[in-house]
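Structural features, examined
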Amino acid sequence: MLDADYIKRHIRTVPDWPEPGVQFRDITPLLSNPRTLRVLIDLFVHRYMDSRLDLVAGIDARGFILGAIVAYELNLGFVPIRKKGKLPFTTVAEEYELEYGNATVELHSDACKPGDRVLLIDDLIATGGTMMAGARLIERLGATVVEGAAIVDLPELGGSRRLRESGLALHCLVQFDGV
Ligand code: AMP
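Residues numbered from 1 in each chain as written. Predicted model: local features only at pLDDT ≥ 70, side-chain atom pairs only at ≥ 80, totals over all residues. Heavy atoms only, no water.

Some thoughts on the packing of aromatic side chains
Two measures describe an aromatic ring pair: the distance that separates the ring centres and the angle between the ring planes. With the rule as written, the count across this model stands at two aromatic pairs. On the basis of an interplanar angle of 85° and a centroid distance of 5.0 Å, the ring pair of W17 and F24 is categorised as edge-to-face. In this structure W17 comes out as partly exposed when scored by relative accessible area, which is 48%. Geometrically, the ring pair formed by F64 and F78 is edge-to-face, given 6.2 Å between the ring centres and 80° between the ring planes. Taken together, the residues F64 in helix α4 (residues 62–73) and F78 in strand β4 (residues 77–83) connect sequence positions 14 residues apart. (Phe/Tyr/Trp six-rings, centres within 6.5 Å; stacked < 30°, edge-to-face > 60°. Buried < 20%, exposed > 50% of the residue type's maximum accessible area, 1.4 Å probe, protein only. Helix = DSSP H or I, 4+ residues; strand = E, 2+ residues; numbered from the N terminus.)

Below, the structure is given as structure tokens:
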């Protein structure tokens, strides 16, 4: 069936990568297969086609792939939320905590404007820190995150719960148990 289970069956789990204990949920098989790529994009397009969005923001780096295709299909523009130091123009920045240390994401200060309705896309929600930082960047520019969207949620890490508790609407296609 062409639904979330179909998507889930095509995600590859790579144990102990990039470090022991991590089960890496690899979406590259979804992207390389023309049938799964089409269903994947269509699941997002179907959900958002009547949402009166102004643009799509994607998070570095797999969120760029998904976000740009979804934006194109929705007849919208796309803006990248990048890791620190990559964007050439003036930026707003948000630092967030990783398991070890911190990370920073940035957005061009003219990427969106007050009142814009933005769809925020990444591939996966683990602790939720990346998506939370991305949402803050958009909101600091006065725009509204209509929904955060991802292919995969890892609910045991608590990120999706934290994001929803912060008031962000969140939509994930599939869940995986464990970390
Ligand atoms: P987090 O900020 O903890 O929610 O982590 C989400 C970001 O890290 C996403 O951009 C994912 O691409 C990446 N990520 C974290 N954990 C995994 C995992 N188990 N498999 C694949 N990607 C992951």
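Picking up where we left off.
What to know about the pairing of strand β10 (residues 170–175)
Judged by how many residues are buried, β10 sits mostly within the fold: five of six residues are covered. Bridge count between strand β9 (residues 144–153) and β10: five bridges; the pairing is parallel. Bridge pairing links D153 to Q175 in β10. In this view, the connection linking β9 to its parallel neighbour β10 by way of helix α6 (residues 159–165) has right-handed handedness. (Pairing = 2+ DSSP bridges. Right-handed = clockwise from strand over helix to strand, strands pointing away.)

Observations regarding the site of the ligand
Neighbouring the ligand are 14 residues; R62, D123, T127, G128 and T130 lie closest to it. Contact distances for the ligand include 3.0 Å between a nitrogen atom and a backbone N or O atom of Q23. In this structure, an oxygen atom belonging to the ligand sits 2.7 Å away from a main-chain N or O atom of G128. When the free accessible area of the ligand is taken as 490 Å², the share hidden by the protein chains comes to 82%. With respect to the detected pockets, the ligand is housed in the largest pocket. Broken down by secondary-structure element, the contributors of at least two residues to the shell around the ligand are β2 (23–26), β8 (124–125) and α5 (129–140). Among the elements that line the shell around the ligand, the one with the most residues is β2, at three residues. (Near = heavy atom within 4 Å. Polar contact = N/O pair within 3.5 Å; in protein donor to acceptor, adjacent residues only side chain to side chain. Areas by Shrake-Rupley, 256 points an atom, 1.4 Å probe, with all protein chains shown as cover. 1 Å grid on protein atoms, 1.4 Å probe; cavity = no way out; pocket = protein on both sides within 12 Å on 5 of 7 lines; lining within 4 Å. Sits in = over half its atoms within 2 Å of the grid points.)

A look at the environment of V179
Position of V179 among the secondary structure elements: in the segment after β10. Its relative accessible area of 43% is what places V179 among the partly exposed residues. Residues V179 and F24 lie 155 residues apart in sequence; the distance between their C-alpha atoms is 8.7 Å. Discounting chain neighbours no more than four positions away, the residues touching V179 are G21, Q23 and L157. (Contact = heavy atoms within 4.5 Å.)

With respect to the nonpolar core
Judged by nonpolar contacts, the single largest core of 28 residues is most densely connected at I81, L107, L120 and I138. At the level of elements, β3 (55–59), β4, β5 (91–97), β6 (102–108), β7 (117–121), α5, β9 and β10 are the ones that each hand at least two residues to this core. Top element by residues in this core is α5. It accounts for five residues. Non-local contacts of I81, meaning those with residues more than four positions away in its chain, are made with A57, G58, I59, D60, F64, V105, E106, L107, L120, G134, L137 and I138. Y6, L40, L66 and I151 belong to the second largest nonpolar core, which has 26 residues in total. (Core = buried A, V, L, I, M, F, W, Y, C linked by side-chain atoms within 4.5 Å.)

Considering the pairing of β4
Pairing between β3 and β4: five bridges, direction parallel. Across the sheet, I59 pairs through a bridge with I81, a residue of β4. A crossover connection joins β3 to the parallel β4 through α4; in handedness this β-α-β unit is right-handed.

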